[in-house]
Structure formats: structure tokens, C-alpha cells
Amino acid sequence: MTTPGSSPRASAGPLVAILSGAGISTDSGIPDYRGPGGVWTRDPDAEKLVTYDHYVNDPEIRRRSWAMRRDTGVLTAEPNAAHLAVAELERSGVPVRVITQNVDGLHQKAGMPDRKVLELHGSLRSVVCTRCHARRPMPEVLARLDAGEADPACAGCGGVLKPATVMFGERLDPEVLGQALAVAKACEVFVAVGTSLQVHPAAGLAGVAADHGARLVVVNAEETPYDELADEVVREPIGTALPRLLRELRERREQRG
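Presented here is an overview of the structure given in this document. No experiment lies behind these values; they were computed from the predicted model shown. (Residues numbered from 1 in each chain as written. Predicted model: local features only at pLDDT ≥ 70, side-chain atom pairs only at ≥ 80, totals over all residues. Heavy atoms only, no water.)

1. Quick notes on the sheet that holds strand β8 (residues 215–219)
Inference 1: Taken in spatial order, the 6 strands of this open sheet run β3-β2-β1-β7-β8-β9, and their pairing is parallel. The strands lining the two open edges of the sheet, one partner per strand, are β3 (117–119) and β9 (232–234). Across the sheet, the mean angle from the axis of one strand to that of its neighbour is 15°, orientation sign disregarded.
Inference 2: Pairing of strand β1 (residues 16–20) with strand β2 (residues 96–100) involves 5 bridges; the strand directions are parallel. By the bridge assignment, A17 is partnered in β2 with R97.
Inference 3: The sheet strands contacting helix α8 (residues 204–211) are β2, β7 (189–193) and β8, and the helix crosses β7 at an angle near 160°. (Pairing = 2+ DSSP bridges. Helix = DSSP H or I, 4+ residues; strand = E, 2+ residues; numbered from the N terminus. Axes fitted to C-alpha atoms, helices over the stretch in contact; angles between N-to-C directions. Contact = heavy atoms within 4.5 Å.)

What follows is the structure, encoded as C-alpha cells:
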């Protein structure tokens, strides 16, 4: 499928790109953010906890943010059927790249190699100092919270620590975004799963893929701005729909030889 004025490739490559959003992880017990019952839908003020200026300038926001990180259980969450299906597709020999808006690391936990997962919004698995940029594992800092530190500072320089995620007000890593754009342009199939496709520039990758000749599949409970552009739109629960779609994709590849 192409859009007016686009220049599709002469032949599509074999690459499968998966753009995953919060919806893919809800079956793992991690709440989404923008859905009808999402964290920010229910409590718009919660966005301050992940907004850079609020976070670095307000100790109370930092305390609430750290408490949220400790209590959400993201680091102990396990991959669900959708994550496992993506990893199984990759193990079958189909070239797969995951572009994720999530910070939970569940694609890697399911078996996807780190080098094949592009984390657009960073990772909760580590923390970074806003002053000296030193990185430490997230569990190390959570242990300090459990020991009574409500707002742990950098052990090296005393600077403000933050999760190694991209907060509102921060730029995406240009190298990671560049790699994601290259994947979107090169793929044969682009599956957007569990994402509202409203947050840019991640959302725009779906249009880039379609403009370059990819088959666009949207798997999401709610409507997205890219539904009309998609070759296929699936509203079924992700935990059953994605494994079925990826299994069918693999079977078609095998039939083609």
C-alpha cells in the first residue's frame, strides 16, 4: 500500500517490523497509559511524574515517581503470549526487528536478542545521573528505596538520579530513532501492536513503512489515526490475535519457500 506521492520499493525485503506499545504488556500486569482505563486517563496529574522539568526540579515529584517505580512491579513482570510469539517468530529464522515504545524489557525477557530490539523510550532496567551521566542497575536503586531513601541521589556526585527512560520534555536518542526509521523503510511487513499511534515520532513510523511498500497491520483495541492506511486492522485481544497473525505470517513464508 502506498500513499499519494510516495515511491514504493521495486521489491519488498523479507524483514518483519513490530512496533509495540503499552497494550502488548497489559496481559503481563503492566497498565497502559492512554487507554480508557489508562494511568494518565484516570489521573492526568500522574504525567508530572514522567515529565523531566517537574521531575528534576521538584523533590516531591521525584519521591512519588520512585514510589511508583517500586510499586508497579514492572521489573518482576513476565512476558505474555504476545511477547513470546514475537520471539518465536525470530527464532524460526524470519528476520524480525522490534521497535518498542515500552520500557519494561519484556521483549528481551521473552527471548528477543538485545540487538534486535530498539527501545525508543529507553529502559527501566537502569538509572542514570542527570549530572555525571553514570548508569546503575535499577534494582540497586530500588534496594535503596526499600532501605528508607525516598529520593536517592547519585552515589558518585550527588546529582539527581532518574530512570534511563525518555521523559516528556526529553528528546529521543537520535541514533535509536535513525535505526527505527531504517527498519520502517526496509521491512516487508510492519505490525503496530498495542499502540494508539498518537505519540510522534514513533507513530509516524507506520506511515513511513506503508509509504515504502510494507504491508501495514494494526492490532489495537481502540481506533488509531493509521487504521485507514492499514492493510489489516485487528481488534481482537492482543494475547490471542498476535500469536495467530505471526503464526500465519510464518506459514506463508514457508509455503513461499
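2. Some remarks on the sheet that holds strand β5 (residues 135–137)
Inference 1: A sheet is described by the order of its strands in space; here 3 strands give the open sequence β5-β4-β6, paired in antiparallel fashion. Every interior strand has two partners, whereas the edge strands, β5 and β6 (161–165), have only one. Neighbour to neighbour, the strand axes of the sheet diverge by 40° on average, direction disregarded.
Inference 2: Summarising the sheet, strand β4 (residues 122–129) and β5 pair through 3 bridges and their orientation is antiparallel. Residue pairing for β5: V127 is matched across the bridge by R136.
Inference 3: Strands in contact with helix α3 (residues 59–72) are β4 and β6; relative to β6, the strand with the most contacts, it is inclined by about 50°.

3. A short note on the pairing of β7
The side chains of a regular strand alternate, first on one face of the sheet and then on the other.
Inference 1: With 5 of 5 residues buried, β7 lies mostly within the body of the structure.
Inference 2: What you see with β7 is no split at all: V189, V191 and V193 on one side and F190 and A192 on the other are buried throughout.
Inference 3: Here 5 bridges tie β1 to β7, and the two strands are oriented parallel to one another. Of the residues in β7, the one forming a bridge with I18 is V191.
Inference 4: Across 5 bridges, β7 lies against β8 in parallel orientation. (Buried < 20%, exposed > 50% of the residue type's maximum accessible area, 1.4 Å probe, protein only.)

The analysis is restricted to geometry; functional conclusions fall outside its scope.
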